[in-house]
Amino acid sequence: MNRFLFFIVVWLMAGFATFILPSAAVALTFQFDRAAPGVKEFVDSYIQYTVKGTPVSSFLPPVFYMVTPRSERETVVVAKIKNLDKDKAISNLLSNLAGSAPKQVKGPKGKTIFYNPAPQNSKLSAYLTWGDWLFLSGSPDRLVALLKNAKTPEAVVTPKQAFFSDGLQKTAGIRFWADNEKGELTALIRENQQRSIIPMVKDPNQIRRLSGVFLLGPQKKIVAQATAIPVKSQYRTALKKELETTLETARRLLEIFKVPSRGNVKEKGSLLSIFVSIDDYQFGQPGLFKRSPATVSPKTL
């Protein structure tokens, strides 16, 4: 199952962190805490970034981030690691990631980006360290684009102050926040519209921002709670109907395979409140919600 698409179907719901620094402009940021119930199993299922066959997440601290500016291809894995320069496991990871003859290029803030000039891994082949922070990506250009306007490494994974007013709980194993200030989220949604059999928002530009949380367990159950903030109040009702269509189509698809799910969208003042529950989030991997000749069409549901 496409990772971003799965998150959208479960809306797929963005985090609400207790930070105060300004964030860089990116479409979607996920924060994972593997110490929370069920998160390790979820990460093992969906965060399939590997180096020489080993999951990168196994080298990272319990809390780490995935930042996606405008396209899934641009996703950067981010983590704060105490005594980063002395961590032997991380050193081995970076050596394997960059290859036996890594090249280097000057990155933002005078930092050096190391990268594999002939990468075997299209997802991760470049890295940069900034203080205790580690940034992993598929190319030097993606790291430059993400970090060039960041005043501090923390700012890259810090939600804007506006997300503090969205009414979601502050602690969860998985949290996300999504900004559409410069059309970043619009670009990401439209990229996925082309390969999804589930209808998405027709005009993503009507969305100002999203934020939400995932709650996991028992077993493979996932509950998502999120808020969507429209750019203008007059878009709220239309967005509500489109999100309801998205959730209902997903529910019917899952019902065919006897996977219980439910969801709803409610108007609460200036925002939309979204709830989704799926009893088995692993069902249907890897392509239940992707377009293919053999996939169920929404028209038949």
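Engineer: Explain the overall build of the chain here, please?
Structural biologist: For the chain, the count of helices and strands is seven helices and 14 strands. A burial count over the chain gives 52% of its 301 residues as buried. Total accessible area on the chain is roughly 13,900 Å²; 50% of this is exposed by carbon and sulfur atoms.

Engineer: What is the right way to look at the pattern of salt bridges in this model?
Structural biologist: In this structure the tally under the stated criterion is eight salt bridges. Glu248 is the partner of Arg251 in a salt bridge, and the nearest nitrogen-oxygen pair spans 2.7 Å. Taken as a pair, Arg251 and Glu248 lie in helix α7 (residues 236-256) at a separation of three residues, close to a single helical turn. Under the relative-accessibility criterion, Glu248 is labelled partly exposed at 28%. Note that Glu255 and Arg251 form a salt bridge whose closest N and O atoms lie 3.4 Å from each other. Placement of the pair is Glu255 and Arg251 together in helix α7, with a separation of four residues, close to one helical turn.

Engineer: Hey, could you run me through the packing of aromatic side chains in this one?
Structural biologist: Each aromatic ring pair is summarised here by two numbers: the centre-to-centre distance and the angle between the ring planes. Under the defined criterion, the tally for this structure stands at eleven aromatic pairs. Residues Phe42 and Tyr281 carry aromatic rings whose centres are separated by 5.0 Å and whose planes lie at 65° to one another, so their mutual orientation is edge-to-face. Pair noted here: Phe42 is in helix α2 (residues 39-46) and Tyr281 is in the segment after β14 (271-278), with a separation of 239 residues, a long-range link. Take Phe42: its relative accessible area is 0%, and that puts it in the buried class. The interplanar angle of 35° and the centroid separation of 6.3 Å between the aromatic rings of Tyr65 and Trp133 together place this pair among those described as tilted. Note that Tyr65 is positioned in strand β4 (residues 63-68) and Trp133 in strand β9 (residues 133-137), a separation of 68 residues in sequence. What makes Tyr65 buried here is its relative accessible area of 5%. By way of ring pairs, the aromatic residues Phe30, Phe32, Phe42, Tyr46, Phe64, Phe176, Phe214 and Tyr281 are connected into one cluster. In this structure, Lys123 is placed above the aromatic ring of Tyr49, and the distance from its NZ or CZ to the ring centre is 5.1 Å.

Engineer: What is the right way to read helix α4 (residues 140-147) from this model?
Structural biologist: Three or more residues of α4 are buried, namely Pro140, Leu143, Leu146 and Leu147. All buried residues of α4 project into a common sector of 130° when viewed along the axis, lining one side.

Engineer: Help me out: how do you make sense of the sheet that holds strand β11 (residues 207-216) in this one?
Structural biologist: Strands pair in a sheet through their backbones, by hydrogen bonds, and they do so in one of two ways: parallel or antiparallel. The antiparallel open sheet is built from twelve strands, whose spatial order is β6-β7-β8-β9-β5-β4-β1-β10-β11-β12-β14-β13. Each edge of the open sheet carries a strand with a single partner, namely β6 (103-106) and β13 (261-268). Adjacent strand axes in the sheet meet at a mean angle of 15°, parallel and antiparallel pairs treated alike. Pairing analysis gives six bridges linking strand β1 (residues 28-33) to β4, with the strands arranged antiparallel. Counterpart to Gln31 in the pairing with β4 is Tyr65.

Engineer: Help me understand the pairing of β4 in this model?
Structural biologist: The side chains of a regular strand alternate, residue by residue, between the two faces of the sheet. Burial of β4 is extensive: five of the six residues sit out of reach of the surface. Here β4 pairs with strand β5 (residues 76-80) via three bridges, running antiparallel. Of the residues in β5, the one forming a bridge with Tyr65 is Val78.

Engineer: Looking at this structure, I do not really get the confidence of the model for the chain. What am I missing?
Structural biologist: Detailed conclusions should not be drawn from predicted coordinates in areas where pLDDT is low. Of all residues in the chain, 82% have pLDDT values of 70 or greater, and the mean over the chain is 82. Residue range residues 292-301 is modelled with pLDDT below 50. Its contacts to residues more than four positions away, or to other chains, number 13 contacts.

Engineer: Looking at this model, I keep getting lost on the pairing of β9. Mind explaining?
Structural biologist: Across the five residues that make up β9, a large majority, five, are buried. Of the two faces of β9, the one carrying Trp133, Phe135 and Ser137 and the one carrying Leu134 and Leu136 are both buried. The sheet contact formed by β5 and β9 spans four bridges and is antiparallel. Within β9, the position partnered with Val77 by the bridge is Leu136.

Engineer: Explain the environment of Pro230 here, please?
Structural biologist: Relative to the helices and strands, Pro230 is located in strand β12 (residues 222-230). Accessibility expressed as a relative area gives 5% for Pro230, which makes it buried. Each C-alpha atom of the pair Pro230 and Ser270 lies 7.8 Å from the other, and the pair is 40 residues apart in sequence. If near-sequence neighbours (up to four positions away) are discounted, Pro230 is found in contact with Gln206, Ile207, Arg208, Tyr235, Arg236, Leu239, Ser270 and Leu271.

Cut-offs used in this document
Counting from 1, residues in each chain are numbered in the order their sequence is written. Local features in this predicted model are restricted to residues whose pLDDT is 70 or higher, and side-chain atom pairs enter the listing and the counts only when it is 80 or higher, whereas totals over whole chains, interfaces and linings include all residues. With hydrogens and water excluded, all non-hydrogen atoms of the structure serve as input to the side-chain values. Here a helix means four or more residues in a row that DSSP labels H or I, a strand means two or more in a row labelled E, and each is numbered from the N terminus. Between buried and exposed lies partly exposed: a residue is buried under 20% and exposed over 50% of the maximum accessible area for its type, with that area taken using a 1.4 Å probe on protein chains only. Computed with a 1.4 Å probe, the accessible areas rest on the Shrake-Rupley method; for each residue, only the protein chains presented here act as cover. By definition here, a salt bridge exists when the distance from a side-chain nitrogen of Lys or Arg to a carboxyl oxygen of Asp or Glu is within 4 Å. Aromatic rings from Phe, Tyr and Trp, with only the six-membered ring used for Trp, were paired whenever their centres fell within 6.5 Å, and each pair was classed as stacked if the ring planes differed by under 30 degrees, edge-to-face if by over 60, and tilted otherwise. Distance and angle both matter: a charge sits over a ring if NZ of Lys or CZ of Arg is within 6 Å of the ring centre and within 35 degrees of the ring normal. It is the directions from the helix axis to the C-beta atoms that the arc portrays. Here, strands pair whenever DSSP counts at least two bridges between them. In this analysis an axis means a line fitted to C-alpha atoms, helices contributing only their contacting stretch, and an angle means the value between N-to-C directions, from 0 to 180 degrees. pLDDT measures the predictor's confidence residue by residue and takes values from 0 up to 100. Contacts are assigned to residue pairs that have any heavy atoms within 4.5 Å of one another.

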